[in-house]
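# Topology and contacts: notes
Letter by letter, the chains look like this.
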Amino acid sequence: MGKRAIISDIHGNFEALTAVLADIEAQGISEIYCLGDVIGYGPNPRECIDVCREFALTLLGNHDNGALFDPEGFSSGAERAIFWTRSQLEQTEHEGAKERWDFLASLPRTHREGDFMFVHGSPRSPLNEYVFPEDVYNQRKIERIFGFIQKYCFQGHTHVPGVFTENFRFYSPSEISNTYTLGEQKLMINVGSVGQPRDSDPRGSYVILDGNEVEFRRVEYDPAPTRQKILGISELDDFLGDRLLEGR
Ligand code: ZN
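This report concerns the structure included in the present document. Just so it is clear, the model here is predicted, and its values are computed rather than measured.

### Quick word on the packing of helix H4 (residues 76-90) against helix H5 (residues 97-105)
Packing of H4 against H5 leaves a shortest axis separation of 8 Å and a crossing angle of 130 degrees. As far as their axial angle goes, H5 and H4 are oblique. For the pair formed by H4 and H5, the contact residues are Arg 86, Leu 89 and Glu 90 on the first element and Ala 97, Arg 100, Trp 101 and Leu 104 on the second. Its residues assigned to classes, the contact of H4 with H5 comprises 4 nonpolar, no polar and 3 charged.

### So, the pairing of strand S12 (residues 213-219)
A regular strand places its side chains on the two faces of the sheet in alternate fashion. Judged from the 3 bridges that link them, strand S9 (residues 179-181) and S12 form a sheet pairing that is antiparallel. From the neighbouring strand, Thr 181 faces S12, where its bridge partner is Glu 213. As judged from the 7 bridges shared by strand S11 (residues 204-210) and S12, these two strands associate in the antiparallel manner. Across the sheet, the residue bridging to Val 207 is Phe 216, located in S12.

### Remarks on the coordination of the zinc ion
In a perfect tetrahedron of four donors around a metal, the angles come out at 109.5 degrees. In a perfect octahedron of six, they are 90 or 180 degrees. The zinc ion binds to the protein through Asp 9 (OD), His 11 (NE2), Asp 37 (OD) and His 159 (NE2); the donor distances cover 2.0 to 2.4 Å. Angles of 86 to 179 degrees at the metal separate the 4 donor atoms of the zinc ion, which places the site in the irregular class.

What counts and what doesn't
- Residues numbered from 1 in each chain as written.
- Predicted model: local features only at pLDDT ≥ 70, side-chain atom pairs only at ≥ 80, totals over all residues.
- Heavy atoms only, no water.
- Axes fitted to C-alpha atoms, helices over the stretch in contact; angles between N-to-C directions.
- Helix = DSSP H or I, 4+ residues; strand = E, 2+ residues; numbered from the N terminus.
- Parallel < 35°, antiparallel > 145°, perpendicular 65-115°, else oblique.
- Contact = heavy atoms within 4.5 Å.
- Nonpolar A, V, L, I, M, F, W, Y, C, P; charged D, E, K, R; others polar.
- Pairing = 2+ DSSP bridges.
- Donors = N, O, S within 2.8 Å, 3.2 Å for Na, K, Ca; no water.
- Tetrahedral: all angles 85-135°; square planar, octahedral: opposite > 155°, others 65-115°.

See below:
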């Protein structure tokens, strides 16, 4: 596989997406894979979808799916955000409404490429299953999930970046100096979130895959304007803006 950037969970945060794309471009990378949740929570769903249409791959996330169909299993705040997001995409006075809708509806749930698998949630349940760092203490869950992986799996969904090993370890990027070398072991690699990080670091998260080397990167941006937009939209909870300042 050639050198590529793997991003996830943009969640309609155009400012964070713009900053991450600038960092990717500065690394000389043009091939971008997105693991889903382009929309939901954030104030700029249309703009983010239009950017993702240029990527080599975009997967379907649970929020993308919720906007397309009926949202199920979301908190009331998330559900309200999904209905608002859907209303933004349905407004036909915005040019390209049908193309955006068709694009979302065309997104695959998984992608395989040799030893590599790409999903939004988990290899067992690509759309909805969370694999949290503390799940390494649930050996049965981790074993079962690894049973669905040939070798390496990239994922998002939790908004918490890091590496899961087959022998029940989780390494946050800071524990491994932001790099990991792919070897014999099966791995799951969570790339974190561009638009709503939840590991107490508000900077946008993504990963570069270059041969056997995985690099975790963080990109600083100013979340204040994104937060202001969210505060100005009554259907989006203020918390969705406030959390961007702290990465929670
Ligand atoms: Zn998400």
